[in-house]
Amino acid sequence: MYSGLAGSGGMGRSRFNRRRLICIIGVLSLLPFSVANARQQFIFSQPLTSRWQYSTASTINITPTMHETSVYLPLVEGQLVALNAADGTLRWKSEMGGTVSAAPVADERGVYVATEAANTEAGATFYRATGTLRLLSQSSGVTRWMHTFPRPFRGALTASATTIFGGTADGRIYAFSKETGEIKWLAQFASSFASQPVLSAGRLYIGNEDGLLLVLDESTGQTLKRYQTRGAVRGAVALANELIYFGSADGYVYAIDELTGRLRWRLRTGAGVQAVAPTANGLVVASLDNFVYLLSYRRGERIWKRLLAGRIAAQPLTSADSALFVPLGGDACVVLALHDGKTLNSLEVGVDGNTAAAPIIAANVLLITTRHGLMAFAPPATSTQ
């Protein structure tokens, strides 16, 4: 059962700062702000052709990241490659060992990557640290700093101008200095994290495996609010109309008043929900029973519902008139019209090519991680130079 408890801080914040018709946070929390402008200009319903492909059989179900003209693609065995987003040429390759454990983030300093070392000490009383976080140089991939942690980061990292945030498998949330990697604050909770944290207006939104959505003060780590559900909260939240929208593995979509902490509405879907995204037409919701919904913001009323060929675990991308989905295990990405849910476009990615990694946009190209490598799509008339 849902329960919401307002925290002791933040209630006096200005309503003006939070008042927004549509704040596209859920999707863009994983991308730099410069990509936000590019994504708003990208129309998925128009014809899109393959621009280039970086072929490899080593991709994993973790979303790549980008900064300016570089895209950083996680691979198996702790590898990360830096590619030119315009043409797919390899800039450098880093081999860190272990496995990449969370979606990375990047900025002008470089790329921040979390990895997990294999634990071979079965039966031991004390286990060695298995998590790492490091900053790789933007130009060469050389490690600039690295720190180890008891357990690995999961889900995704997120970042402000000065700080990296992430949740770990042992129930901790960390805030680190981008400059040095030193811990700014640490918050301990009872359950592990494997979600996509979101930053907005000085607050960090992050869910855990026990079904708890937490709202923390970005600067101090103080818990401002918490919302309890009956299933794991793994996706990113969406913020719009002074409400917090998110999905849970209990099969419900929740809309919580951002100021009072009260439940405004909840809607039952056919399975767990990991992906929600705000649009001008309403809230896009994807459930793990292969259905996509468009819900009204005010009461959660269903505007339309469509069945796709596979489960939707990856965060969709939206544009002015459409939304792009990556059905897990399928061979094509699907573009649906926002006003009626009808199919507008389809992007072939090869037999059983889709993964759980979310699509991103960089250097005016749409980048999709497949089981066969990274594919770039763009309108035929768009120059990527």
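Rules behind the numbers
- Residues numbered from 1 in each chain as written.
- Predicted model: local features only at pLDDT ≥ 70, side-chain atom pairs only at ≥ 80, totals over all residues.
- Heavy atoms only, no water.
- Helix = DSSP H or I, 4+ residues; strand = E, 2+ residues; numbered from the N terminus.
- Contact = heavy atoms within 4.5 Å.
- Areas by Shrake-Rupley, 256 points an atom, 1.4 Å probe, with all protein chains shown as cover.
- Core = buried A, V, L, I, M, F, W, Y, C linked by side-chain atoms within 4.5 Å.
- Buried < 20%, exposed > 50% of the residue type's maximum accessible area, 1.4 Å probe, protein only.
- Polar contact = N/O pair within 3.5 Å; in protein donor to acceptor, adjacent residues only side chain to side chain.
- Pairing = 2+ DSSP bridges.
- pLDDT = per-residue confidence, 0-100.
- Salt bridge = Lys/Arg side-chain N within 4 Å of Asp/Glu carboxyl O.
- Phe/Tyr/Trp six-rings, centres within 6.5 Å; stacked < 30°, edge-to-face > 60°.
- Lys NZ or Arg CZ within 6 Å of the ring centre and 35° of its normal.
- Axes fitted to C-alpha atoms, helices over the stretch in contact; angles between N-to-C directions.

A. The arrangement of the overall build of the protein chain in detail. Looking only at helices and strands, the protein chain features three helices and 34 strands. Long-range contacts, defined as pairs at least 24 residues apart, comprise 46% of the intrachain contacts of the protein chain with a sequence gap of at least 6. As presented, the protein chain carries roughly 14,800 Å² of accessible surface, and 50% of it is formed by carbon and sulfur atoms.

B. Spatial organisation of the nonpolar core. Membership of the largest hydrophobic core comes to 17 residues, with the highest contact counts inside it found for Phe44, Leu324, Cys333, Leu347, Leu366, Ile368 and Phe377. Of all the secondary structure elements, the ones that give two or more residues to this core are β30 (332-337), β33 (365-370) and β34 (373-378). Counting residues in hydrophobic clusters, the runner-up holds 16 residues, among them Trp52, Ile360, Val365 and Leu374.

C. Structural detail: the environment of Tyr245. The residue Tyr245 is located in strand β21 (residues 243-247) in this model. Residues Tyr245 and Pro278, 33 residues apart in the sequence, show an inter-C-alpha distance of 8.8 Å. Once residues lying within four places of it in the same chain are set aside, the contact partners of Tyr245 are Val237, Ala238, Ala240, Tyr254, Ala255, Trp265, Val276, Leu283 and Tyr297. From its side chain, Tyr245 meets the backbone oxygen of Tyr297 in a polar contact 3.3 Å long.

D. Representation of the pairing of strand β31 (residues 343-348) within the structure. Across five bridges, the pairing between β30 and β31 is antiparallel. In the sheet register, Val335 faces β31, and the bridge partner there is Asn345. Linking β30 to β31, which pair antiparallel, is a turn of five residues; within it Gly341 sits at a positive phi near 80°.

E. Just the confidence of the model for the protein chain, in detail. Across the protein chain, the average pLDDT comes to 88, with 86% of residues at 70 or higher. For the stretch residues 5-40, pLDDT sits under 50, and the model shows 81 contacts to residues farther than four places along the chain or on other chains.

F. Region of interest: the pattern of salt bridges. Under the counting rule described, the total for this entry stands at nine salt bridges. Notably, a salt bridge pairs Glu209 with Arg234, separated by 2.7 Å at the nearest N-O pair. With a gap of 25 residues between them, Glu209 in the loop between β17 (203-207) and β18 (212-217) and Arg234 in the loop between β19 (223-228) and β20 (238-240) connect regions that are remote in the sequence. The closest approach of N and O atoms between Asp352 and Arg371, which form a salt bridge, is 3.9 Å. Highlighted residues: Asp352 in the loop between β31 and β32 (360-362) and Arg371 in the loop between β33 and β34, separated in sequence by 19 residues. Within this structure, Asp107, Glu108, Arg109, Lys178 and Glu179 form a network of salt bridges that share partners.

G. Region of interest: the packing of aromatic side chains. One pass over the full model with this rule turns up 15 aromatic pairs. The interplanar angle of 45° and the centroid separation of 6.1 Å between the aromatic rings of Tyr252 and Tyr254 together place this pair among those described as tilted. Since its relative accessible area comes to 22%, Tyr252 is described here as partly exposed. Here Phe291 and Tyr293 contribute two aromatic rings whose centre-to-centre distance is 6.5 Å and whose plane-to-plane angle is 40°, an arrangement assigned as tilted. On the basis of relative accessible area, Phe291 is assigned to the partly exposed category, the value being 22%. One aromatic cluster in this structure is built from Phe149, Phe153, Tyr174 and Phe176. Across the ring face of Phe291, the terminal group of Lys305 is positioned such that the distance to the ring centre comes to 4.2 Å.

H. Representation of the environment of Leu338. Mapped onto the fold, Leu338 is located in the loop between β30 and β31. Among the residues examined, Leu338 registers a relative accessible area of 1% and is labelled buried. Distance from Leu338 to Ser319, taken between C-alpha atoms, is 9.0 Å for residues 19 residues apart in sequence. In contact with Leu338, other than residues within four places in its own chain, are Thr279, Asn281, Val284, Leu294, Trp304, Ser319, Ala320, Asp321, Ser322 and Ala323.

I. Geometry of the sheet that holds strand β4 (residues 70-75). Taken together, the four strands give an open sheet; going across it, the order is β3-β4-β5-β6, and neighbouring strands pair in antiparallel fashion. Each edge of the sheet is formed by a strand with only one pairing partner; in this case those strands are β3 (65-67) and β6 (90-95). The mean inter-strand angle of the sheet, taken between neighbouring strand axes irrespective of direction, is 20°. Of the strand pairs in this sheet, strand β5 (residues 79-84) and β6 are connected by five bridges, and their pairing is antiparallel. Directly across from Gln79, in β6, lies its bridge partner Glu95.

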